[in-house]
Amino acid sequence: MAEPVADLDRPAPAASPTDPPAPGPPTAAPWLLGAAVTTVLLLLAGRYGYHRDELYFLLCGRHLDWGYVDQGPLVPALARLADTVAPGNLVVLRTPSALLGGGAVVLVAAIAREFGAGRGGQMLAAFLAATSGIVLAAGHLLSTTTVDLAVWLVATWCAARMLRTGDSRWALGAGLALGVGLLNKPLPALLGVGLLAGVAVAGPRRLLRDRWVLAGAGVAALLAVPYLAWQAAHGFPQLSVASSIAGGDSSYSGRLDAVLLQLMIISPYAAPIWIAGLVALLRRPAWAAYRALGWAWLVVFALVLILGGKGYYDAPLLLVLTAAGAPAAAAWAGRGAARLRRVLLAAGAAVTLAGSAVLLLPTLPADRLPGFVVEVNYDAGETIGWPAFADSVAAVHRGLPPAERARTVVLTGNYGEAGALARYGPARGLPRAYSGHNSMAGFGRPADDADVVIAVGWARPDRLRSWFTEVTEAGRMDQRVDVDNDENGMPIFVCRGMPRPWSQIWDSEIRHAS
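Residues numbered from 1 in each chain as written. Predicted model: local features only at pLDDT ≥ 70, side-chain atom pairs only at ≥ 80, totals over all residues. Heavy atoms only, no water.

Attention now goes to the overall build of the chain. Along the chain, the regular secondary structure elements total 23 helices and five strands. At 26 Å, the chain has a C-alpha radius of gyration in line with the 24 Å of a compact globule built from 514 residues. The principal-axis extent of the C-alpha atoms belonging to the chain is close to 110 × 50 × 40 Å. For the chain, the residues scored as buried account for 51% of the 514 residues in total. Considering only contacts within the chain whose residues lie at least 6 apart along the sequence, 76% involve residues at least 24 apart. A total accessible area of about 22100 Å² is found for the chain, and carbon and sulfur atoms account for 63% of it. For the chain, the distance from the average site of its 41 positive side-chain charges to the average site of its 36 negative ones is 7 Å. (Helix = DSSP H or I, 4+ residues; strand = E, 2+ residues; numbered from the N terminus. Rg over C-alpha atoms; globule rule 2.2 N^0.38 Å. Buried < 20%, exposed > 50% of the residue type's maximum accessible area, 1.4 Å probe, protein only. Contact = heavy atoms within 4.5 Å. Areas by Shrake-Rupley, 256 points an atom, 1.4 Å probe, with all protein chains shown as cover. Lys, Arg positive; Asp, Glu negative; His and termini not counted. Charge placed at Lys NZ, Arg CZ, Asp CG, Glu CD.)

Turning our eyes to something else, we now look at the nonpolar core. A general tendency of soluble globular proteins is for nonpolar side chains to be buried together. Within the largest apolar cluster, 123 residues are counted, with the highest numbers of intra-cluster contacts made by Phe-115, Leu-153, Leu-293 and Leu-319. When residues of this core are assigned to their parent elements, the largest contribution, 11 residues, is made by helix H7 (residues 144–165). Ignoring sequence-local partners within four residues, the contact set of Phe-115 consists of Pro-21, Leu-281, Trp-287, Tyr-290, Leu-293, Val-320, Ala-323 and Ala-324. Counting 19 residues, the second-largest nonpolar core is a separate cluster that includes Val-409, Val-453, Cys-495 and Ile-505. (Core = buried A, V, L, I, M, F, W, Y, C linked by side-chain atoms within 4.5 Å.)

With that out of the way, let us pick up the packing of helix H13 (residues 271–283) against helix H15 (residues 315–333). The geometry of a pair of packed helices is captured by two quantities: the angle between their axes and the separation between those axes. Between H13 and H15, the least distance of the axes is 6 Å, while the angle of their chain directions is 85°. Taken as axis vectors, H13 and H15 run roughly perpendicular relative to one another. Judged by residue contacts, Ile-273, Trp-274, Gly-277, Leu-278 and Leu-281 of H13 engage Leu-318, Leu-321, Thr-322, Ala-324, Gly-325, Ala-326 and Ala-329 from H15. By residue class, the composition of the contact of H13 with H15 is nine nonpolar, three polar and no charged. (Axes fitted to C-alpha atoms, helices over the stretch in contact; angles between N-to-C directions. Parallel < 35°, antiparallel > 145°, perpendicular 65-115°, else oblique. Nonpolar A, V, L, I, M, F, W, Y, C, P; charged D, E, K, R; others polar.)

Moving on to the confidence of the model for the chain. Any segment with low pLDDT has predicted coordinates that should not be analysed in fine detail. When pLDDT is averaged along the chain, the result is 91, and 95% of the positions lie at 70 or above. Predicted confidence for residues 1–15 stays below pLDDT 50, and this span has zero contacts to residues more than four positions away or in other chains. (pLDDT = per-residue confidence, 0-100.)

Before going further, it helps to examine the packing of helix H12 (residues 255–262) against helix H14 (residues 291–307). The N-to-C vectors of H12 and H14 enclose an angle of 150°; their axes lie 9 Å apart at closest approach. Comparing their axes, H14 and H12 come out roughly antiparallel. In this structure, the crossing between H12 and H14 has a hand that is right-handed. Contact residues: H12 offers Arg-255, Ala-258, Val-259 and Gln-262, while H14 offers Trp-297, Phe-301, Leu-305, Ile-306 and Leu-307. Split into classes, the residues belonging to the contact of H12 with H14 amount to seven nonpolar, one polar and one charged. (Left-handed = near helix turned anticlockwise from the far one by under 90°.)

Moving on, we get to the side chain of Ser-132. Within the secondary structure, Ser-132 is located in the loop between helix H5 (119–130) and helix H6 (133–139). There is a polar contact of 2.8 Å between the side chain of Ser-132 and the backbone oxygen of Ala-129. Among all residues touching Ser-132, those that are not within four sequence positions of it are Ile-265, Ile-266, Leu-319 and Leu-360. (Polar contact = N/O pair within 3.5 Å; in protein donor to acceptor, adjacent residues only side chain to side chain.)

In structure tokens:
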């Protein structure tokens, strides 16, 4: 029996309106832009100085462990490695973040390509990532946030490929990324919950019982075991940190601030684009396969608000929504009055680029930093003046009677101040600095015979008077620049006389988390 002959003139079956679009054409432009971001971050890495968190990471790196009160071991290990290779070198310390920042630009464009973005859409997505607050501000510093950003984007890219192709083996890649991220912070678990909830709401629900998805979840859980074991052995102190953040005792916290930050942290220019991306993910028939990603952001952001988390926790998913909105924005620029629309798009891009360069990167002189920069970018102020901070403490120390100096210690209000004195204090003849803040409390307490204390980082003496019989203001912080940060102008106290020894008050009264 003869085989039927194919009808070569018959048109191919039309694609279903719910079929996901094919990936856009590859382009090298996002790679070039990502390389440019990394280059700029490296060129500016040595300006200003250490951030308070970097000083803390360096101290944590001297006490390597599988966990800390407020984080996993990954970033302290990177800090230890960088400071071993090139002690005191800010460029080397910040190189991992610069590389991850450039990589984030490429990943956002890759996610846009999964959504069918052409070359223009991919380039727009890459540009919006390259000028975003979460990439530039975090990429300038060695930061747990930068690692989080890369982890979330890798996991989401794997999830997008799995949803488009139906190949659930991509769940292993997502699980591996989440597992590595859980050695940095607990936040990737939030993404995992969001993705699973998105699939439960929007489908395909078969993935919830798929063996590869379960294997990916198992990989993530297995990699997280060392950090979770450390937390369990120490009474889960991360919960105390989360409670403190929910109470507003931290920067970038507060529910109203979290809502407003959604419109700012990528950029105001990008806000209409990511909103359009969210609408497309939730409503466009051809993107039904990706609907779980839109729901993932809704779930994650709702959890951030309910739990009182910091407003930037969901920022990586905002970049995913931006990637979804980029194809629509690029298509809009090519319709109707195309020339006018492209001029408007280019003008907005130019303003965004200029604003990001001034507000998010250390391009202006530190001694003439306008107040509005610190108002917008709090972390910029926390990278200025640490050597002068140590000088102010040293001046008070030199003013003490020689007989008292031998039994003097420094007590700081936060880990950044203790880290600054660990970095700059020895060259100035300062005694060891202690702090009860987060994991600093576990790195040692003063000896019980240390009854003369230089206290810094305490705005008022009330708390100090509950520990010491004599509390005297002995000076003020002078960072020799007019910058409004947490230390400049703060009082320096000298405290004497301890009715109770350090061993009785350290854990119960001085130790604190935030």
